[in-house]
Amino acid sequence: MPRLRFLVRGVVQGVGFRPEVYRLALEAGLCGTVWNHAEGVTIEAQGPADALARFEQALRESMPLPARVEAVAAEAIPEVPAEVDFRILPSGPGGEGRAVVPPDLAVCPACAAEVATPGERRHRYPFTNCTRCGPRYTLIERLPYDRPHTAMKGFPLCPDCEREYRDPLDRRFHAQPVACPTCGPHLTLRSPAGTVLAEREEALQTAATALVEGAVVALKGLGGYQLLVDATSSEAVGRLRERKRREEKPLAVMFPDRASLELDCELSLAEAAWLEAPEAPILLLRRRAGGAVAPGVAPGNPRLGAFLPTTPLHRLLLGAVGRPLVCTSGNLSDEPMAYEDAEARARLGGLADLLLVHNRPIVRPVDDSVLRIDGDGPTLLRRARGFAPLAVPLALGGPCVLALGAHQKNTVALLKGGELIMSQHLGDLASLEGAGVQERTVTDLLDFFGARPERIACDLHPDYASTRLAEGLAKAWGVPLTRVQHHHAHGAACAAEHGLKGPVLALAWDGTGLGADGTLWGGEALRIDGAAFSRIGHLKPFPLPGGEVAAREPRRAACGLLWATQGPGEAPPSLAGAFSAGDWARFQTMATRGVNSPLTSSVGRLFDAVAALSGLRAKRGFEGQAAMTLEFAAGEQGEGTYPWDLQDGVADPAPLVAAVLADVAAGQPAGVIAARFHGALAELALAWAKRAGLPDVVLSGGCFQNARLTALVQATLGAAGFRVHRPRRFPANDGCISLGQAAVAAATPIGR
Ligand code: ZN
Ligand code: ZN
Ligand code: FE
């Protein structure tokens, strides 16, 4: 009888892969063995040639989700004559460390049904999971992925769970986090001071009652603590915003079920598929008028971040509450999400009225992912739960590279063997906690993937925590450090995602990043060719009085832009209300003297300035809010444009600013101004594309989270014959910077 050995790579551990192999082997009447090891799964199968062929085809083509087979290598080996059955062997040792660590997945239909069925062993058990669903990345301490290497090591299996765990035909066969009410973790309700108020079902019911009454509850979720309040109560939402110091930034809402979600949101077929997918991201859905969710959840926003319960715990809680809940990460604004119990109690005690916790440790923080479906398909805006740390095959050869990313919306990336492994979204690195999480994430990824980076990449900015970590690691390991200009990285990320090899034009439009000339860039047209780039065009720089503060105060960008384009002078009437008596004069003086007024070519700051000039938003808010306000104001308005003064690729916005001011003075609605402004940016994109003369154009940078701008640029350039590529599987914002840095470093010749 022939005997074949298969090496299967991909997402093949912790996803019910071996039981499926076992079933297939029994069905085909094959003998042999299967085992996990650090490179993936190896199968030895012996039997008639036609049965082996069917078995191999099934391996390649029909393994059920969430398993994902990336490669199957087969070789003939000598027959084992005495073999009589098919067996699942214990995991092999670490080896090369190439196995894919599975991401955390939302509760599967079978587990959900079990939890909902009276009389089942796991009826109403919040920590139910199986090989097809539940926690993985958030509880794995090291590989190979076996229970003693996870956060479940402190929960010995009871005889019933043990039986399921050992039964190759059970869907919990070798489900490492398997648990039941007898042997698994349980819920505890605590006061902010730490007093135990209730346990198990009573804890859940008491928390649910408190939520209905308007309390803020901190929930220890899958990948971190979350803050929950009744999303239908304006008072409760207001209380959460006040305590979290998050004034207007949209909050995500978890709905008890699809029917209740559809009362508040429109749902296309594609969106419905993502809503119920194992990755279960937060979806940015169009809101329906007259829904139940309070307006304060996402003020002025035509979309709502919505999702369904991702774990049995969330299902049970939402079911008991019977209404949508705001579900946001447990932190103060701009701090990382809390995930360790002592730390959570210290940090969330003042924010929450109650803490609903459990005794299963969270090994690493993983936030919810965020996805939006546009006319031309999905865009991942935040890559985290369900996606991290899946390896993405990208045609990027060369050395093993570790890239440390930017400063905000940070991710780190590991390029190894032509695959890109991106960490979960880690958030801002401004706090010590944030920088610490990044450092631990680097260690984890290197361990999990057995990587020894030959190069390190980071941003040009010397003061980013990510840059300092990169410098330290490069020195400690004695490997070269590649510093990659921020917008070069943006463009390289999108080019790498789409497998573009030759030179491309990158339109990299964002808030700001340090430019090669020491000014703040952000409205760039770069010709990118691997490790090299040149600046084809950019906005003519204008000063930002106050520097970084300007990102949160659009009026400062407006003041600096007017100073640069119209010369020093008085505030126009539409802006006068936004400045106290002395502020305008002070900002103008700062610009004139060049005191704390860095120059920028940022399109993001131009959005801010235009929003302020058109009277939409002048003071305070979160970064990007003014741009969102302009995008939404443009709404269904027709198109239009404003003029630029373009010389040698440098776009002077002076004529645009004059036209905006004229429109404001003529009483044009803000929506018309917003639509014309978007049109002007699309024309600028076209002018730069023609100047570059390259067939492929990539879009990147936070400005391209703006669906209207992106669609307009795609249409305008597409009509002129350019191939336009936009970020899809990786974010347009700084979440993609680590990918771009890795691509550039991999292409950089040694010795630079
Ligand atoms: Zn399940
Ligand atoms: Zn049990
Ligand atoms: Fe950026």
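Note that the structure is predicted; figures quoted are calculated from it, not measured.

Details of the overall build of the protein
In terms of regular secondary structure, the protein is built from 22 helices and 31 strands. Once the C-alpha set of the protein is aligned to its principal axes, its extents read approximately 90 × 60 × 50 Å. Across the protein, every contact between residues at least 6 apart in sequence was considered, and the portion connecting residues at least 24 apart equals 72%. Accessible surface, the protein as shown: approximately 27300 Å² in total, 53% of it carbon and sulfur. Across the protein, 77 positive and 80 negative side-chain charges occur, with their mean positions spaced 2 Å apart.

Here we look at the coordination of the iron ion (ligand 3)
A four-donor tetrahedral metal ideally has 109.5 degree angles, and a six-donor octahedral metal ideally has angles of 90 or 180 degrees. Protein coordination of the iron ion (ligand 3) is provided by His 486 (NE2), His 490 (NE2), Asp 510 (OD) and Asp 734 (OD), with donor distances spanning 2.0 to 2.2 Å. Around the iron ion (ligand 3), the four donor atoms are arranged such that angles at the metal cover 90 to 171°; this shape is classified as irregular. Counting residues between consecutive donors of the iron ion (ligand 3) along the chain gives the motif H-x3-H-x19-D-x223-D. Highlighted residues: His 486 in helix H13 (residues 486–497) and Asp 734 in the loop between strand S31 (723–725) and helix H22 (737–747), separated in sequence by 248 residues.

Some points on the side chain of Asp 367
The topology assignment puts Asp 367 in the loop between strand S14 (354–358) and strand S15 (370–374). Relative accessible area serves as the criterion here: at 12%, Asp 367 is assigned to the buried category. The contact partners of Asp 367, leaving out residues within four places of it in the chain, are Ser 329, Met 337, Arg 382, Ala 384, Arg 385 and His 425.

Let's talk about the environment of Asp 376
Relative to the elements of secondary structure, Asp 376 occurs in the loop between S15 and strand S16 (377–382). Asp 376 sits in the partly exposed class, given a relative accessible area of 33%. Expressed as a C-alpha distance, the spacing of Asp 376 and Ala 711, which sit 335 residues apart in the sequence, is 8.8 Å. Residue contacts for Asp 376: discarding those within four places in its chain leaves Gln 714, Arg 726 and Arg 728.

Describing the sheet that holds strand S4 (residues 68–77)
Read across the open sheet, the five strands follow the order S4-S1-S3-S2-S5; overall the sheet is mixed. At either margin of the open sheet sits one strand with a lone partner, and together these are S4 and strand S5 (86–88). Sheet twist, expressed as the mean angle between neighbouring strand axes with direction ignored, is 15°. The pairing of strand S1 (residues 3–11) with strand S3 (residues 40–46) spans six bridges and is antiparallel. Bridge pairing links Arg 3 to Gln 46 in S3. Sitting on the sheet, helix H1 (residues 17–28) is in contact with S1, strand S2 (31–37), S3, S4 and S5, with an inclination near 175° to S5.

Focus: empty space enclosed by the protein
Sizing a probe to match a water molecule and rolling it over the atoms shows the empty space that remains. Applying the stated rule across the entire model yields five cavities of 30 Å³ or more. Considering only enclosed or pocket space, the largest cavity measures out at about 140 Å³ in volume. For the largest cavity, the lining is made up of 19 residues, of which Pro 126, Leu 222, Thr 311, Pro 312 and Arg 360 are closest to its centre. With three residues, helix H9 (residues 312–321) is the single largest residue contributor to the lining of the largest cavity. Of the pockets and cavities examined, the second largest cavity occupies roughly 50 Å³. Contributing to the lining of the second largest cavity are Val 12, Gly 14, Val 15, Gly 16, Phe 17, Arg 18, Pro 19, Thr 131, Phe 173 and His 174. Considered class by class, the residues forming the lining of the second largest cavity number five nonpolar, four polar and one charged.

A closer look at the state of the cysteines
Inspection of every chain in the model, using the stated rule, returns zero disulfides. Cys 327 provides the cysteine sulfur closest to Cys 265, a residue in no disulfide bond, and the two sulfurs are 14 Å apart.

Looking at the coordination of the zinc ion (ligand 2)
Protein coordination at the zinc ion (ligand 2) comes from Cys 158 (SG), Cys 161 (SG), Cys 180 (SG) and Cys 183 (SG), with a distance range of 2.2 to 2.3 Å. Considering all four donor atoms around the zinc ion (ligand 2), the spread of angles at the metal, 102 to 118°, places the coordination shape in the tetrahedral class. Here the donor residues for the zinc ion (ligand 2) map to a single chain with the spacing C-x2-C-x18-C-x2-C. Of this pair, Cys 161 sits in helix H4 (residues 159–166) while Cys 180 is found in the loop between H4 and strand S6 (187–190), placing the two residues 19 residues apart along the sequence. With respect to class, Cys 161 is no different from Cys 180; both count as buried.

Quick word on the sheet that holds strand S9 (residues 225–230)
Pairing is mixed in the open sheet, where 11 strands are placed in the order S7-S6-S14-S8-S9-S13-S10-S12-S11-S15-S16. Where the open sheet ends on each side, the last strands, each with one partner, are strand S7 (196–199) and S16. Relative to S9, helix H10 (residues 341–348) is tilted by about 40°, and along the sheet it contacts S6, strand S8 (217–220), S9 and S14.

Focus: the packing of aromatic side chains
Tallied over the entire structure, the rule returns 11 aromatic pairs. Between the aromatic rings of Trp 274 and Phe 387, the centroid separation amounts to 6.1 Å while the plane-to-plane angle is 35°, which identifies the pairing as tilted. Here Trp 274 is found in helix H8 (residues 269–275), whereas its partner Phe 387 is found in the loop between S16 and strand S17 (391–393), with 113 residues between them in sequence. The class for Trp 274 is partly exposed, based on a relative accessible area of 23%. Since its relative accessible area comes to 11%, Phe 387 is described here as buried.

Observations concerning the nonpolar core
Counting residues in each nonpolar core, the largest one holds 66 residues, and the members touching the most others are Leu 317, Leu 356, Leu 404, Leu 414 and Val 442. With six residues, the top contributor of residues to this core is helix H5 (residues 200–212). For this core, the domains that each give at least three residues are domain 2 (187–358) and domain 3 (373–488). Here Val 442 is in contact with Leu 402, Leu 404, Val 412, Leu 469 and Leu 473, once residues within four sequence places are set aside. Within the second largest apolar cluster, 65 residues are counted, among which are Ala 557, Val 603, Ala 618 and Phe 677.

Some details on unusual backbone geometry
Residues apart from glycine generally show negative phi values, whereas peptide bonds are mostly found in trans. That bond from Ala 388 to Pro 389 is cis: its omega, 0°, falls within 30 degrees of zero. Structurally, Pro 389 is set in the loop between S16 and S17. The backbone of Asp 648 sits at a positive phi, close to 50°, despite the residue not being glycine. Within the element layout of this structure, Asp 648 appears in the loop between strand S28 (645–647) and strand S29 (650–652). Judged by relative accessible area, which is 67%, Asp 648 ranks as exposed.

A short note on the side chain of Thr 710
Within the element layout of this structure, Thr 710 appears in helix H21 (residues 707–719). In contact with Thr 710, other than residues within four places in its own chain, are Leu 699, Phe 704 and Arg 726.

Digging into the environment of Gly 300
With respect to the helices, strands and loops of the structure, Gly 300 is situated in the loop between strand S11 (282–286) and strand S12 (303–307). Along the backbone, Gly 300 and Met 628 are 328 residues apart, and their C-alpha atoms lie at a distance of 9.5 Å.

Some points on the pairing of S9
Across the six residues of S9, six count as buried, placing the element largely inside the fold. Pairing between S8 and S9: four bridges, direction antiparallel. Directly across from Val 217, in S9, lies its bridge partner Leu 228. Between the antiparallel neighbours S8 and S9 lie four residues, among them Gly 224 with a positive phi of about 160°. Sheet analysis places S9 next to strand S13 (residues 325–329), joined by five bridges and oriented antiparallel. By the bridge assignment for S13, Leu 227 is matched with Thr 328.

About the criteria used
Residues numbered from 1 in each chain as written. Chains lettered and ligands numbered in written order. Predicted model: local features only at pLDDT ≥ 70, side-chain atom pairs only at ≥ 80, totals over all residues. Heavy atoms only, no water. Helix = DSSP H or I, 4+ residues; strand = E, 2+ residues; numbered from the N terminus. Contact = heavy atoms within 4.5 Å. Areas by Shrake-Rupley, 256 points an atom, 1.4 Å probe, with all protein chains shown as cover. Lys, Arg positive; Asp, Glu negative; His and termini not counted. Charge placed at Lys NZ, Arg CZ, Asp CG, Glu CD. Donors = N, O, S within 2.8 Å, 3.2 Å for Na, K, Ca; no water. Tetrahedral: all angles 85-135°; square planar, octahedral: opposite > 155°, others 65-115°. Buried < 20%, exposed > 50% of the residue type's maximum accessible area, 1.4 Å probe, protein only. Pairing = 2+ DSSP bridges. Axes fitted to C-alpha atoms, helices over the stretch in contact; angles between N-to-C directions. 1 Å grid on protein atoms, 1.4 Å probe; cavity = no way out; pocket = protein on both sides within 12 Å on 5 of 7 lines; lining within 4 Å. Points joined across faces, edges and corners; volume = space filled by probe spheres on them. Nonpolar A, V, L, I, M, F, W, Y, C, P; charged D, E, K, R; others polar. Disulfide = S-S within 2.5 Å. Phe/Tyr/Trp six-rings, centres within 6.5 Å; stacked < 30°, edge-to-face > 60°. Core = buried A, V, L, I, M, F, W, Y, C linked by side-chain atoms within 4.5 Å. Domains from an automatic or database assignment.

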